[in-house]
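So you can see what is in the structure, the chains are spelled out below.
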Amino acid sequence: MKSLNFQSVVSQFFEYESTVVVRWPLPFIIIPPLLTVSIVTLTVTNFHLNVTNDTLQVFLPDDMRSLRDLKELIHLFPPRDTQRDTYSIFGTKFVYTVIEDEQPEGNILSSSGIQRMARLHKFVMGLETRQGDNVATNCLRNRDDEACTMHPIAFALEDSTPEFAIQFLLRYPNLKFGDFVVDNAMVFGGVEVVPKSQDIEGNSPIRSSKAVRMTYILEASESTERWIDLFLTTIPRYKESNSTVLWSSSKSLAKEMERNGELLIPWMPWTSLVLVVFCMFACSSFHVVKSQPFIGFFAMFNATMATIASTSLLIYIQYPFLPLVFIMPFLVVSIGTDNMFLMLKSWRMTKKSANEERRYICALTESAASLFLTSLTDGLSFAIGSISDFHAVRVFCTYCAMAILFMFLFQVTFFNAVMSLCCRREVAGKHPVFCCYDTVPSNETKILKPNSDTHSDIASIVAKYLYRILNPWPSRIVVFCVFLLYLFTSIHYAIGLPLGLDLKLLAPDDSYVSRELEAQEKLFADYGGFCFALVRSENISFRDPMIRRDLIKLYHDLGGSEYASPAEFWLEPFEKKHRGRKYSESNFSDELHTFLAKEPNLKFRNDIRFTMTGRIEAIKMMFRVRKLGKDNDSPRAEYMRRIMETSQFSGFVYDTSFLLVDQQMTTVYNVIIDVVSAILTMLSICVLMVPRPVSAMCIAFAILSVNIGVIGALAATNTRLDIISMITIVMSVGFSVDYVTHTTFHFVIQRDNRLEVVCYLYHSLKKLINFKKCLLVMTEPILQSALSTAIGVSLLSFVHSYIVRTFVNTVFFVVGLGILHGLIFLPVLLDTIVPHSEYMIAYEPHQEEEENNHYEDLYGL
């Protein structure tokens, strides 16, 4: 009697589908490759990659507090002064160099150091493209008749005696000439000042400086892009004695992230070759007729074809593309061979039959539920990621989900047709490679006998040893204790998983961007750029001196911590001049416009937003960021936001680092939501496939355990909880299902029907037999699929990139923990707590009466 469950529905569907494929294989062999070639041709004839240039934004969620604040800040105060309006990071074009004295007590402001600085500056200024583009023609100017917008030190270095000219600029963090202020905080790094010589503004003479940073702000144009490319190509060859030269640009991080993908391309053919060799070897046997090397080859061909077709289709419809996608083929091709091992195992378990067509259909139907489950869980784990709030996660997971969909469709059509022909070749006794030649007929009557297949023999030995070790109760107690130790250790490490995106890790390990960011944290940590406070002032009357006093107090409160200091606020010099006078509305407006019309107050014109009626809509305050570094970003955001929220004014505080702070919190929230959603989705599918409550609980517990172990292992290898690990954690949920569900499914269906009144000993004997049978059936495909997945990504361990390394580590952790759970922890748990009455009758294909028992009892059970 056929059981009415989802597994039987799936198996019945694939029985009918495979019947069609087996009887008419030729169309199914021809159509998928033709479809792939057609999609690739359409893509190539209209090739265009939809690549975004906003490197940081692709790693940020679509909506979060700091992004909303940034959009409002840009809307109310469009960036006009690149040096002051530093929130315009997504549109500014720049390059900068850092020259550091290598000596332990070195001083770049020594006579020889200044000469080195001057040579580097003149080298950068002298770079010129073939079209005549250089810094002078592309630099940012406030007006056409003005000089380039550069720090005064740049002009001092162009002097014939830079050692003398530069001495007038050596004060830190600022240099003031009356109302003229020179910002030195972002120029000098590793500074030592003359003690007890601080002026009333907090500025001191510089005694020594370890490094100097020169920034060149450029106009946004095509010629600027060409010059930046020339700069990035030429500057690595520049050398100075006793100095370390570092550099970066507005496009450096994007280009270095693209290099992650470029590093993967050379490994693709080698990975394919290794996987093809492994699959062909795993499908071969010392028995010539039973060897199926072409099945291994076409399993790889099927996965590769699906990857090419899916990627080409998404590119053709102009779906966004990221360099991160280059990792996808390694993952998809690696997991694409798993189903092949299950199908081949099922074929080899069948008896010889007069109707070989029906025999292959029975073999495929036996593995149909497992094939469907593998593809569905892997695909859905990525589908959950494809609706993420993060652009990068969404793009990567969509490419993976589409590839898995194509791979499944090609597997049930193209690969099934090819495998049916290979099985016909075996039945006909033809040579596995030279199919036109007959081999010596075999006297065997079974496809699989003990000692007839080396791979099965090894797997059966492993399974039998596992059974002998795990079956005694003392061994199960030891397994239970080991599991508790594993779980405790994993949770301990998972709790300490570092949070947040580290920009240094987005580039390859040897990247100049990573070195520059590291030097920036070390040398320029005292002072950073500007952060901003915006106060909405629709309901504020600035003519009231009490309101102006409270705004100035808010300004000093916001800049009163160790994480930020006051920089500029137009109301302070205004109040110094007018001494708290009370105005009428028109008089205040006149005084303010008079104030803004004179030097040095012209710079404040972009700090006040007026409505069409002349009222002040919003005002902007500026603060200097202190104590740079990811450890101080969160305290800074927390302090400044709390001060603003507890004030009487409506507004917000914004700093570029707040994007990473909010991204960190959003990442934690999204990881929890995605993992819970993925586990619940996987559990729902598993309940459909194995509708038994205790077994389903065991599956859910095993999936959760594997993923806790993966997170703990990632933390132990110093992986951060960022969107890269977020992708891999969600991916690991789908991968872990493959191991635990197949084991549970075969454990449940191995039980025979029983009478209601049977002695306890008989129940115990049957349970032991089915525990052993489950291990014998599942050990070989689990080990083969795990090994193929690990081999597929193993070569990538030689790629020096955090992003690639995180994916490789996750795959290894999932494979290792999946084997541990699928072959040790879960079988022991199932055999210990699943009741005798909880079993499921597997779907039996339609067949002739004389072929009713079509599966071979391989091990005499």
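If you're wondering where the values come from, they're calculated on a predicted model, not measured in any experiment.

K.L.:
For this particular structure, what's the right way to read the packing of helix α17 (residues 473-495) against helix α24 (residues 693-716)?
P.N.:
Angle between the axes and distance between the axes are the two parameters that describe a pair of packed helices. α24 packs onto α17 with a crossing angle of 50° between their chain directions and a minimal axis gap of 7 Å. Between α17 and α24, the angle is such that the two are oblique. When you trace α17 past α24, the crossing you get is left-handed. Across the interface between the two elements, Phe483, Tyr486, Leu487, Ser490, Ile491, Tyr493 and Ala494 from α17 touch Phe701, Ser705, Val706, Ile708, Gly709, Ile711, Gly712, Ala715 and Ala716 from α24. Grouping the constituent residues of the contact of α17 with α24 by class yields 12 nonpolar, 4 polar and no charged.

K.L.:
Sorry, what's going on with the nonpolar core here?
P.N.:
One broad rule of soluble globular proteins: the nonpolar side chains tend to lie buried together. Membership of the largest hydrophobic core comes to 177 residues, with the highest contact counts inside it found for Met117, Ile153, Phe188, Val212, Phe396 and Phe807. A total of 19 residues in this core trace back to one element, the largest contributor, which is helix α15 (residues 391-427). Two domains each put at least three residues into this core: domain 1 (1-35 + 263-439) and domain 2 (93-249). Once residues lying within four places of it in the same chain are set aside, the contact partners of Phe188 are Leu109, Ile153, Leu169, Leu170, Tyr172, Ile206, Ser209, Ala211, Val212 and Phe524.

K.L.:
For this particular structure, what's the right way to read the state of the cysteines?
P.N.:
By definition, a disulfide is the covalent link that joins the sulfur atoms of two cysteine residues. Per the stated rule, a full pass over the model turns up 1 disulfide. Unpaired in this structure, Cys400 has its nearest cysteine sulfur neighbour in Cys397, at a distance of 6.3 Å.

K.L.:
It is not clear to me how the packing of helix α19 (residues 545-558) against helix α20 (residues 571-578) should be interpreted in this structure. Could you clarify?
P.N.:
Running from N to C, α19 and α20 point in directions that differ by 135°, and their axes come no closer than 10 Å. Classed by the angle they form, the pair α19 and α20 counts as oblique. Where α19 crosses over α20, the handedness of that crossing is left-handed. Residues Arg548, Leu551, Ile552, Tyr555 and His556 of α19 lie in contact with α20, whose contacting residues are Leu571, Glu572, Phe574 and Glu575. In terms of residue class, the contact of α19 with α20 is built from 5 nonpolar, 1 polar and 3 charged.

K.L.:
Is there a simple way to explain the environment of Ile685 in this structure?
P.N.:
Within the secondary structure, Ile685 is located in helix α23 (residues 656-689). Spatially, the C-alpha atoms of Ile685 and Leu373 are 7.8 Å apart, while their sequence positions differ by 312 residues.

K.L.:
Sorry, what's going on with the confidence of the model for the chain here?
P.N.:
Detail in the predicted coordinates should be disregarded across regions flagged by low pLDDT. Put simply, the chain has an average pLDDT of 82, and 87% of its residues get 70 or more. Of all the helices and strands in the chain, helix α26 (residues 760-794) carries the lowest mean pLDDT, 59, while strand β12 (residues 650-654) carries the highest, 95. Below pLDDT 50 for its whole length, residues 752-769 participates in 15 contacts with residues either more than four positions away or in separate chains. Confidence drops under pLDDT 50 across residues 848-861; counting only partners more than four residues distant or on other chains, this segment forms 31 contacts.

K.L.:
Help me understand a nonpolar patch on the surface in this model?
P.N.:
Where nonpolar side chains cluster on the molecular surface, the patch consists of Leu26, Ile30, Ile31 and Leu34 and spans about 400 Å² of accessible area. Counting through the fold element by element, Leu26 comes out in helix α2 (residues 25-45). Leu26 gets classed as exposed once you look at its relative accessible area, which sits at 56%.

Rules and cut-offs
- One numbering rule holds for all chains: residues counted from 1, following each sequence as written.
- Given that this is a predicted model, residues contribute local features only at a pLDDT of at least 70 and side-chain atom pairs are listed and counted only at 80 or more, while totals for whole chains, interfaces and linings are drawn from all residues.
- Side-chain calculation: all heavy atoms of the structure are included, whereas hydrogens and water are not.
- Whenever a helix is involved, its axis is fitted only over the stretch in contact; in every case the axis is a line through C-alpha atoms, and angles between N-to-C directions fall within 0 to 180 degrees.
- The helix count covers DSSP runs of H or I at least four residues long, the strand count covers runs of E at least two residues long, and both are numbered beginning at the N terminus.
- If an angle is under 35 degrees, it is roughly parallel; if it is over 145, roughly antiparallel; if it lies from 65 to 115, roughly perpendicular; otherwise it is oblique.
- Should the near helix be turned counterclockwise from the far one by less than a right angle, the crossing is left-handed, whereas a clockwise turn marks it as right-handed.
- The contact definition used throughout considers only heavy atoms, calling two residues in contact when any of these lie within 4.5 Å.
- Here the term charged refers only to Asp, Glu, Lys and Arg, the term nonpolar to Ala, Val, Leu, Ile, Met, Phe, Trp, Tyr, Cys and Pro, and the term polar to all other amino acids, Gly among them.
- Residues belong to one nonpolar core when they are buried, are Ala, Val, Leu, Ile, Met, Phe, Trp, Tyr or Cys, and are joined through side-chain atoms within 4.5 Å.
- Burial here depends on accessible area, computed with a 1.4 Å probe over protein chains only, as a share of the maximum for the residue type. Under 20% is buried, over 50% is exposed, and the range in between is partly exposed.
- Delimitation of the domains relies on an automatic or database domain assignment.
- Any cysteine sulfur atom paired with another within 2.5 Å is treated as part of a disulfide.
- Confidence scores per residue from the predictor, reported as pLDDT, run from 0 to 100.
- Residues with no salt bridge and a relative accessible area higher than 30% make up the patches, which join like charges within 9 Å and nonpolar side chains (Val, Leu, Ile, Met, Phe, Trp, Tyr) within 5 Å.
- A 1.4 Å probe and the Shrake-Rupley method give the accessible areas. Residues count as covered only by the protein chains that appear here.
- For this document, the term salt bridge refers to a Lys or Arg side-chain nitrogen within 4 Å of an Asp or Glu carboxyl oxygen.

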